[in-house]
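Survey of secondary and tertiary structure
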Amino acid sequence: GEKVEQHESTLSVREGDSAVINCTYTDTASSYFPWYKQEAGKGLHFVIDIRSNVDRKQSQRLIVLLDKKAKRFSLHITATQPEDSAIYFCAASMRRSGGSNAKLTFGKGTKLSVKS
Amino acid sequence: GGIITQTPKFLIGQEGQKLTLKCQQNFNHDTMYWYRQDSGKGLRLIYYSITENDLQKGDLSEGYDASREKKSSFSLTVTSAQKNEMAVFLCASSTDRGREVFFGKGTRLTVV
C-alpha cells in the first residue's frame with residue numbers, strides 16, 4: 001500500500017521567515033495530497049490540498065508544490081507567524097473509480113516552532 | 001458548518017477490558033473514519049465506512065471492531081485493551097468525493 005514519508009520531524013524558524021516541509025510518497029496512483037494542522041490539544045484541521053493535475057497551488061501564505069516525477073510534495077509557509085506553530089501532517093490518497101477519494105495515508109507529522 | 005463530536009474525551013480502562021469510543025457528525029457526510037494517533041507515528045487508519053452499515057478495514061484493524069448503524073454515527077470498540085495501545089483516537093468524516101476530511105478533537109485512551 002501507499003507509504004508517505006515526512007522528512008522533517010521538527011522545524012524551527014524565526015518569525016517572518018519561510019518554513020518548508022517535505023513529503024514523499026510511493027504509489028504512483030496517488031492523486032490527492034492534503035495538508036493538515038494540529039494545534040496543541042486539538043484535532044486536525046485541513047489547511048490546503050493539491051491534486052495531481054497541477055504542480056502548484058497557493059492560498060494566502062501557504063504554497064503547495066507537487067513533483068509527480070519525484071513523487072514529492074511540499075508545504076511552504078511564507079512570512080511565518082507565531083500562530084503557525086503546530087504539528088503539520090501531509091497525506092496522500094488515490095482517486096477511486098466514480099471520482100471519490102480512497103482513504104488517506106498520513107506522514108508522521110512535523111512539529112513547527114515559530115520563534116519571535 | 002458542521003461538527004464532529006467524540007465521546008468521551010478521556011477514557012481510562014483496565015487491561016483486557018472492552019471499551020467503546022463514540023463519534024457523531026452533523027455534516028451529513030457519507031464516509032467516516034477512525035484513526036489512531038501515536039506520538040511520532042502519525043495517524044494510522046483503523047476502520048472506515050463509506051455508508052450506513054458499511055465497514056472497511058484499515059491498516060490497524062486487528063484488536064478493534066467498528067459499527068456504523070446510522071449515517072451520523074460511527075463507533076469503535078477496543079476488544080481487549082492493552083497497555084501498548086494507549087493513544088489518541090481520532091474520528092473523521094468526509095463526503096463521498098473526499099474533497100476534505102474533517103476531524104474530531106479525539107479521545108485519549110489510557111490503559112492501566
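For the structure, check the block above.
Okay, so let's go over this structure. This is a predicted model, so every value here is computed, not measured.

1. What about the packing of aromatic side chains?
Pairs of aromatic rings are described using the distance from one ring centre to the other and the angle between the two planes. Residue and element names in this part refer to chain A. The final tally for this structure, using the stated rule, is 15 aromatic pairs over all chains. Note on Trp-35 and Phe-73: the rings are 5.6 Å apart at their centroids and 65 degrees apart in plane angle, and the pair reads as edge-to-face. Pair noted here: Trp-35 is in strand S4 (residues 30–38) and Phe-73 is in strand S8 (residues 72–77), with a separation of 38 residues, a long-range link. Accessibility expressed as a relative area gives 1% for Phe-73, which makes it buried.

2. Overview of the sheet that holds strand S1 (residues 4–6) of chain A
Residue and element names in this part refer to chain A. Taken together, five strands build an open sheet; the order of strands is S1-S3-S8-S7-S6 and the sheet is antiparallel. At either end of the open sheet lies a strand with only one pairing partner, and these are S1 and strand S6 (56–59). Averaged over all pairs of adjacent strands, the angle between their axes in this sheet comes to 15 degrees, without regard to strand direction. Here six bridges tie strand S7 (residues 62–67) to S8, and the two strands are oriented antiparallel to one another. What sits directly across from Leu-62, in S8, is Ile-77.

3. Observations regarding the pairing of strand S7 (residues 64–70) of chain B
All names here are of chain B. Here five bridges tie S7 to strand S8 (residues 73–78), and the two strands are oriented antiparallel to one another. Each residue of the ladder has a partner; that of Ser-67, found in S8, is Ser-75. Linking S7 to S8, which pair antiparallel, is a turn of two residues.

4. So, the sheet that holds S8 of chain B
Residue and element names in this part refer to chain B. With antiparallel pairing, the four strands of this open sheet are ordered in space as S1-S3-S8-S7. Looking along the sheet, the strands with just one partner apiece sit at the ends: strand S1 (4–7) and S7. Strand after strand, the sheet turns through a mean of 15 degrees between neighbouring axes, direction not considered. Pairing of strand S3 (residues 19–25) with S8, which is carried by four bridges, proceeds in the antiparallel orientation. Across the sheet, Leu-19 pairs through a bridge with Val-78, a residue of S8.

5. Some words on the state of the cysteines
All names here are of chain B. Enumeration according to the criterion identifies two disulfides over all chains in this entry. Two residues, Cys-23 and Cys-91, share a disulfide whose sulfurs are 1.9 Å apart. With the S-S dihedral at roughly -75 degrees, the linkage between Cys-23 and Cys-91 falls on the left-handed side. Of this pair, Cys-23 sits in strand S3 while Cys-91 sits in strand S9 (residues 87–94), placing them 68 residues apart in sequence. On the accessibility criterion, Cys-23 (1% relative accessible area) is buried.

6. A look at the pairing of strand S5 (residues 44–51) of chain A
Sheet faces and side chains relate simply in a regular strand, where the side chains alternate between the two faces. Where S4 of chain A and S5 of chain A come together, seven bridges link them in antiparallel fashion. By the bridge assignment, Gln-38 of chain A is partnered in S5 of chain A with Leu-44 of chain A.

7. Quick word on the pattern of salt bridges
If you walk through the whole model with that rule in mind, you get six salt bridges over all chains. Measuring nitrogen to oxygen at the nearest pair gives 2.7 Å for the salt bridge that ties Lys-57 of chain A to Asp-49 of chain A. A residue is classified by how much of its surface remains accessible, and Asp-49 of chain A, at 7% relative accessible area, is buried. With a shortest N-O distance of 2.9 Å, Arg-44 of chain B and Asp-38 of chain B are connected by a salt bridge.

Calculation criteria
- Residues numbered from 1 in each chain as written.
- Chains lettered and ligands numbered in written order.
- Predicted model: local features only at pLDDT ≥ 70, side-chain atom pairs only at ≥ 80, totals over all residues.
- Heavy atoms only, no water.
- Phe/Tyr/Trp six-rings, centres within 6.5 Å; stacked < 30°, edge-to-face > 60°.
- Helix = DSSP H or I, 4+ residues; strand = E, 2+ residues; numbered from the N terminus.
- Buried < 20%, exposed > 50% of the residue type's maximum accessible area, 1.4 Å probe, protein only.
- Pairing = 2+ DSSP bridges.
- Axes fitted to C-alpha atoms, helices over the stretch in contact; angles between N-to-C directions.
- Disulfide = S-S within 2.5 Å.
- Salt bridge = Lys/Arg side-chain N within 4 Å of Asp/Glu carboxyl O.

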